[in-house]
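Remarks on the overall topology
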Amino acid sequence: MACSSAIVERPVSLAPPIERLPLATLYLTERCNSRCVSCDYWRHGRRDIDIQTVKGLLPGLRELGTETVLVSGGEPLLHPQWAEIAALLRGQGHQLWLLTAGLALAKHAAEVARWFDQVTVSLDGSTAASYAAIRGLDAFEAVCAGIRAAVHEGLDVGLRVTVQRGNAGELGDLVALARKLGAASISFLAADVSHAEAFGRHHGEPVDGVALRVEDLPVLTLALDALERDHAADFASGFIAETPPKLRRIEAHYRARLGLGEPPPVRCNAPEHSAVIEADGGLRPCFFIAGNSRLGDAGLSEGLNAPSMRRLRAAIHAGNRPECAHCVCSKWFAS
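What counts, and at which threshold
Residues numbered from 1 in each chain as written. Predicted model: local features only at pLDDT ≥ 70, side-chain atom pairs only at ≥ 80, totals over all residues. Heavy atoms only, no water. Helix = DSSP H or I, 4+ residues; strand = E, 2+ residues; numbered from the N terminus. Buried < 20%, exposed > 50% of the residue type's maximum accessible area, 1.4 Å probe, protein only. Contact = heavy atoms within 4.5 Å. Areas by Shrake-Rupley, 256 points an atom, 1.4 Å probe, with all protein chains shown as cover. Salt bridge = Lys/Arg side-chain N within 4 Å of Asp/Glu carboxyl O. Expected span 1.5 Å × (residues − 1). Pairing = 2+ DSSP bridges. Axes fitted to C-alpha atoms, helices over the stretch in contact; angles between N-to-C directions. Phe/Tyr/Trp six-rings, centres within 6.5 Å; stacked < 30°, edge-to-face > 60°. Lys NZ or Arg CZ within 6 Å of the ring centre and 35° of its normal. Parallel < 35°, antiparallel > 145°, perpendicular 65-115°, else oblique. Nonpolar A, V, L, I, M, F, W, Y, C, P; charged D, E, K, R; others polar. Right-handed = clockwise from strand over helix to strand, strands pointing away. Core = buried A, V, L, I, M, F, W, Y, C linked by side-chain atoms within 4.5 Å. Polar contact = N/O pair within 3.5 Å; in protein donor to acceptor, adjacent residues only side chain to side chain.

Quick look at the overall build of the chain now. When helices and strands are counted, the chain shows 13 helices and nine strands. Of all 335 residues assigned to the chain, the portion counted as buried reaches 52%. Counting only contacts in the chain whose residues sit at least 6 apart along the sequence, the fraction spanning at least 24 positions is 72%. Total accessible area computed for the chain in this model is approximately 14700 Å², and 53% of it derives from carbon and sulfur atoms.

Here it is, written out as structure tokens:
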């Protein structure tokens, strides 16, 4: 049984309004061409963001001083107007960061390089077999070809691995693969299975086959030990984005889910400095907590600073949201 930390309710009023938003995550679509076991966008996703909605965002992004827009989804390269949307955002001076499963990256590498400053490719297996088991498709070589094509175009390409049952013993092999493909970096985080409605999981299906079991923990421990022993230079250079202690949080996270310890402490101020804009115009304070506001007629700032969203951010800041205790992706923005 998963370990759960008690949430002590603290008085909540309204958080200060957001006056600066360094990072905005924009979901272009709910659709996806992967079939990941941990995500349901591919099952239920239907909506694409309307380009007029994106045009309506631009004044708000400018007003809030947004520096970087992370273009995500679903699979953003499925949106029929993804390049036009990227051009609109780039034309406003924003740095663009693409998060993609990479299946269409080889086809679009030159156009992606035209508009984007960096690309992160989700790659959860070091072999065709483990990739197919986790991502649901026989597409390992296609994704690797896309990464090589993007690197060839001069893009800064990072790989992101969600550590789960199917790849817990492959961490070193994934680092070696990242080197072989010419990636600039690789990062690791635990797979999120705690938040019922994150990643398109709006329909209540259980997430199975992802979280580590007790018998899987030694496999992860040995893999982390080997990373620290064999890849000290990759940690020192930043090629592996996390520090060894931060990677050990993945192990602590899974132990807590099994009732073998407390969740690692979370230090996060992401909802105060970033926001997620969904394909249907909904606003979220982060990837894992549903929002309660939408883009208003007056634009982004109106939606982010609606009383309901300020109340939600205050609850998060006060530690009153249980989702935060099991967060796999806490982020701290320096002031």
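This part takes up the pattern of salt bridges. Counted under the stated rule, the structure contains 19 salt bridges. The salt bridge partner of Arg31 is Asp48, with a shortest N-O separation of 3.0 Å. You can see Arg31 sitting in the loop between strand 1 (23-27) and helix 1 (41-44) and its partner Asp48 sitting in the loop between helix 1 and helix 2 (51-63), a full 17 residues away along the chain. Overall, the relative accessible area of 26% leaves Asp48 in the partly exposed class. Measuring nitrogen to oxygen at the nearest pair gives 3.0 Å for the salt bridge that ties Arg213 to Asp216. Of the residues examined, Asp216 reaches a relative accessible area of 10% and is grouped as buried. Among the charged side chains, a salt-bridge network with shared partners connects Asp225, Glu228, Arg248, Glu251 and Arg255.

As a further point, take helix 10 (residues 244-257). Helix length check: helix 10, at 14 residues, gives a terminal C-alpha distance of 21 Å against a target of 20 Å (1.5 Å per residue), a fit within 8%. All of the buried residues in helix 10 are Leu247, Ile250, Glu251, His253, Tyr254 and Ala256. Contacts made by the buried residues of helix 10 are with strand 5 (156-163), strand 6 (185-190), helix 8 (217-230) and helix 9 (232-237). Positioned one or two residues after helix 10, Gly259 has a phi angle of 75 degrees, which is positive.

As a further point, take the sheet that holds strand 6. If you trace the nine strands from one edge of the open sheet to the other, you get 6-5-4-3-2-1-7-8-9, paired in mixed fashion. The sheet is open, and its two borders are formed by strand 6 and strand 9 (293-294), each paired with just one other strand. Where strand 2 (residues 68-72) and strand 3 (residues 95-100) come together, four bridges link them in parallel fashion. Of the residues in strand 3, the one forming a bridge with Thr68 is Gln95. Lying on the sheet, helix 6 (residues 140-152) is in contact with strand 4 (118-122) and strand 5; it crosses strand 5 at an angle near 150 degrees.

Further remarks concern the packing of aromatic side chains. What the rule picks out here adds up to four aromatic pairs. An angle of 55 degrees between the planes, with centres 6.2 Å apart, marks the rings of Phe287 and Phe288 as tilted. Connected via pairs of aromatic rings, a cluster forms that spans Tyr27, Phe287 and Phe288. Arg179 extends its terminal NZ or CZ atom over the ring of Phe239, reaching a point 3.7 Å from the ring centre. The residue whose ring lies beneath Lys331 is Phe333, and the NZ or CZ to ring-centre distance is 5.0 Å.

A few words now on the packing of helix 7 (residues 171-181) against helix 8. Running from amino to carboxyl end, helix 7 crosses helix 8 at an angle of 45 degrees, the nearest separation of the two axes being 8 Å. The angle between helix 7 and helix 8 falls in the class oblique. Residue-level contacts link Leu171, Gly172 and Val175 of helix 7 to Leu220, Ala223, Leu224 and Leu227 of helix 8. Partitioning the contact of helix 7 with helix 8 into residue classes produces six nonpolar, one polar and no charged.

Another point: the pairing of strand 3. The buried fraction of strand 3 amounts to five of the six residues, a majority that puts the element mostly inside the structure. Handedness of the crossover joining strand 2 and strand 3 through helix 3 (residues 82-91) is recorded here as right-handed. Pairing analysis gives four bridges linking strand 3 to strand 4, with the strands arranged parallel. Bridge pairing in strand 4 places Thr100 opposite Val121. The parallel pair strand 3 and strand 4, bridged by helix 4 (residues 105-115), forms a crossover whose chirality is right-handed.

Before going further, it helps to spend a moment on the nonpolar core. Formed by 84 residues in total, the largest nonpolar core has its most connected members in Leu26, Ile186 and Phe188. Apart from residues no more than four positions distant in its own chain, Ile186 is found in contact with Leu159, Val161, Leu174, Val175, Ala178, Phe239, Ile240, Ala241 and Glu242. Residues Leu70, Trp97, Ala270 and Phe333 belong to the second largest nonpolar core, which totals six residues.

Of note, Glu30 is situated in the loop between strand 1 and helix 1. For Glu30, the side chain forms a polar contact with the side chain of Arg47, separated by 2.8 Å.

Moving on, we get to the pairing of strand 7 (residues 274-277). Taking every second residue as pointing to the same face, both faces of strand 7 are buried, with Ser274 and Val276 on one and Ala275 and Ile277 on the other. Relative to strand 7, strand 1 is paired through four bridges, and the arrangement is parallel. If you follow Leu26 over to strand 7, its bridge partner there is Ile277.

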